Structure formats: structure tokens, C-alpha cells
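# Structure at a glance
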Amino acid sequence: MSMDNLVRIIEKSQLKEVPQFRPGDTVRVHVRVREGDKERIQAYEGIVIAIRGSGVSKTFTVRRVAAGGIGVERIFPLYAPTIEKVEVIKKGRVRRAKLYYLRNVKGKVKIKERK
């Protein structure tokens, strides 16, 4: 058994069940937040604008418009222990894999719904 196979087996054991989502989908990510010795779960909802990597190092970028019309992006490692769960709220229909053009769109972003 080679080292590469061993790494793959260990990585596979680290993967957890996450729903299928694509760029353009609106998701709600439940993140564990530690404040002092207390821990709570905070929801972060927005549009997935990018997914990159593979295996345990897979990450996805979620963008939302916060108060004051300021866009906030956050990159989440898909299999991080800090992520409680990912819910798909709406499935979007887009024609590209990276939606970086949404950074230049002002106001509420309209993405057609995928059936």
C-alpha cells in the first residue's frame, strides 16, 4: 500500500454528508462560533459564487449583501468541523462556474430558478 493510497483512505474517512449545490444556488451555512467558553451556531445565508478544490480541501465562497448594501463574501471549507450543516434554500440557473461578476452588480441580485 503506497503513501498516496493511505492519504486517500484517511481523507475519505474525514468526509461528511453534505447536500449537492452549485454556483448560483442560495445556501444557508450553519457555522459553529466560539465566544469565550460558550459555543453557538450562526447562520450565514447567501449565493454560492464559487466552488474550488476537491476532496477534503474543497471550499466554496458565499456572498451576501449585508446592512448598508455592502457585499460580504466568506470562504468556507466544505468539510470543516466548524460547519454544522449546509441547507440549499434556492437552486439558481447560471451559465458559468465562477460568478465573480456579481461583485459589480448593485442591489439585489436576480438569478433565475432551476427547476
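Numbering of residues begins from 1 in every chain and follows the order in which that chain's sequence is written. Only residues with pLDDT of at least 70 get local features here, since the model is predicted, and only at 80 or more are side-chain atom pairs given and counted; chain-wide, interface and lining totals rely on the full set of residues. Where side-chain values are given, they derive from all heavy atoms of the structure, hydrogens and water being excluded.

## Comments concerning the sheet that holds strand β4 (residues 71-77)
Whether two strands pair comes down to DSSP finding at least two bridges between them. The numbering of helices and of strands both runs from the N terminus, where a helix is a DSSP run of H or I of at least 4 residues and a strand a run of E of at least 2. Strand order in the open sheet made by the 5 strands is β4-β3-β2-β1-β5, with antiparallel pairing throughout. Of all strands in the sheet, those with a lone pairing partner are β4 and β5 (83-90), marking the two edges. Shown here is a sheet whose adjacent strand axes are inclined to one another by a mean of 40 degrees, direction ignored. Note: strand β1 (residues 26-35) against strand β2 (residues 38-52), 10 bridges, orientation antiparallel. Considered in β2, the bridge of V29 is made with Y44. Lines are fitted to the C-alpha atoms to define the axes, a helix being fitted only along its stretch in contact, and any angle between axes, read from their N-to-C directions, falls within 0 to 180 degrees.

## Let's talk about the pattern of salt bridges
In what follows, salt bridge is the name for a side-chain nitrogen of Lys or Arg lying within 4 Å of a carboxyl oxygen of Asp or Glu. Evaluated as defined, the whole model comprises 9 salt bridges. The salt bridge involving R28 is made with E45; its shortest N-O contact spans 3.0 Å. Remark: E45 occurs in strand β2 and R28 occurs in strand β1; sequence separation between them is 17 residues. Exposed residues in this analysis have more than 50% of their type's maximum accessible area, buried residues have under 20%, and partly exposed residues fall in between, with area computed by a 1.4 Å probe over protein chains only. Overall, E45 belongs to the partly exposed group, its relative accessible area being 33%. The partner of E73 in a salt bridge is R63, with the nearest N and O atoms 2.9 Å apart.

## Regarding the nonpolar core
Remark: nonpolar core denotes a set of buried residues (Ala, Val, Leu, Ile, Met, Phe, Trp, Tyr, Cys) joined through side-chain atoms within 4.5 Å. In terms of nonpolar packing, the biggest core is built from 13 residues, with F21, V27, V29, F60, V62, F76 and V86 touching the most fellow members. A total of 3 residues in this core trace back to one element, the largest contributor, which is β1. Once you skip the residues sitting within four places of it in the chain, V86 turns out to touch P19, F21, V27, R28, V29 and F60. Core analysis: the second largest hydrophobic core is formed by 6 residues, I47, L99, L102 and I111 among them. Contacts: residue pairs with any heavy atoms within 4.5 Å of one another.

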